[in-house]
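Here's the letter readout for the chains.
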Amino acid sequence: MSKDFSTEKVSVIIPTRHRLRLLQRAINSVCAQDYPNIEIVVFDNFSNEPILAEELISSVPLIVVRSKQMEPLPVSRNRGVEAASGSLLAFLDDDDEFLPGRIGEQVDALAKSPCSVLAYGNTEQRLADGSVIIGSGPPDLHHYLRWRHIQSTAFTIRRDCFENSPFDPRMTTYEDVHFIGRILRNHEATHVDQTHSIWYRDDRPDQLTNSNWRRAYLNWQRLCVEFDHEIGSSKQLRRFYHGKMLLLAARYADFRQVWDSAGRLL
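A. Fine view of the packing of aromatic side chains. One pass over the structure, following the stated rule, counts 12 aromatic pairs. Geometrically, the ring pair formed by W220 and F240 is edge-to-face, given 5.8 Å between the ring centres and 75° between the ring planes. Pair noted here: W220 is in helix α7 (residues 213-226) and F240 is in helix α9 (residues 235-251), with a separation of 20 residues, a long-range link. Note on W220: relative accessible area 0%, which makes it buried. Look at W220 and Y241: their rings are 4.9 Å apart centre to centre, the planes differ by 15°, and that puts the pair in the stacked class. With W220 in helix α7 and Y241 in helix α9, the pair connects residues that are 21 residues apart, well separated along the chain. One aromatic cluster is present, built from ring pairs that chain together F91, F155, F162, F167 and F179. Above the face of the W147 ring, R146 is positioned so that its terminal group lies 4.4 Å from the ring centre.

Next up, the structure:
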């Protein structure tokens, strides 16, 4: 029996920089989807050699938008959306992949749950030692804040919702936690219990998420402020968020923050 897909267009936003081979692998995983109405927006984040659409092989419509300067990842994603035309949005990092059926199953879930603004699947995390972790869990904010089981590559969101609450450009790391947490706090979401994406956590030196402790410190502070109510209402979340905040603050001799975090742990 053929699947009854929605006719809504899905725009897949792929930020990239200097990684043409990996970008093509990501594009291939989008082209392998069985959903009939997809476009790809590649956001070239000021690569040394500009990425040209004619360099890329794609069986679905594809455009390339180039930045005039290097932008933080949340800005790259937001600007990619500005160039997109779909009523539904999906995001894919250039070093990760979608799995077959990912887009169609999530669009179908949204069609069956009109009150939901976001549908997400599970994520296969492939670690440097060859082991695999499957990230999965319910659309519950407290559960998400603790386990961060919804990855940016694994959800589809309605465009109107995204435009009302885009990625925060100040969040130069943990931007996905900040974004998804705000969506779960204010809207309904639907979990599709299928593995929909691959996240390569193989510790390559060019990975955008490699450690920058100063950046981690500032952005973890913003998470603690944004979700202060939720964190404060859960002993487990207080230990997790304020415990890490205390360690980061001590590293940078922010004694006022150390004192505040220590008090919140009690």
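B. Structural view of the pattern of salt bridges. With the rule as written, the count across this model stands at 15 salt bridges. Note that D44 is salt-bridged to R66, the shortest N-O span being 2.9 Å. Pair noted here: D44 is in strand β2 (residues 38-44) and R66 is in strand β3 (residues 62-66), with a separation of 22 residues, a long-range link. Accessibility expressed as a relative area gives 0% for D44, which makes it buried. Residue E71 is joined to R79 by a salt bridge in which the shortest nitrogen-to-oxygen separation is 3.8 Å.

C. View of α9. Taking 1.5 Å per residue, 17 residues should reach 24 Å; α9 reaches 24 Å between its end C-alpha atoms and fits that length. Residues of α9 that are buried sit in contact with α4 (141-147), α6 (175-186), α7, α8 (228-232) and α10 (255-265). Just downstream of α9 lies A253, where phi reads positive at about 55°.

What counts and what doesn't
- Residues numbered from 1 in each chain as written.
- Predicted model: local features only at pLDDT ≥ 70, side-chain atom pairs only at ≥ 80, totals over all residues.
- Heavy atoms only, no water.
- Phe/Tyr/Trp six-rings, centres within 6.5 Å; stacked < 30°, edge-to-face > 60°.
- Helix = DSSP H or I, 4+ residues; strand = E, 2+ residues; numbered from the N terminus.
- Buried < 20%, exposed > 50% of the residue type's maximum accessible area, 1.4 Å probe, protein only.
- Lys NZ or Arg CZ within 6 Å of the ring centre and 35° of its normal.
- Salt bridge = Lys/Arg side-chain N within 4 Å of Asp/Glu carboxyl O.
- Expected span 1.5 Å × (residues − 1).
- Contact = heavy atoms within 4.5 Å.

Honestly, it's all geometry; don't read function into it.
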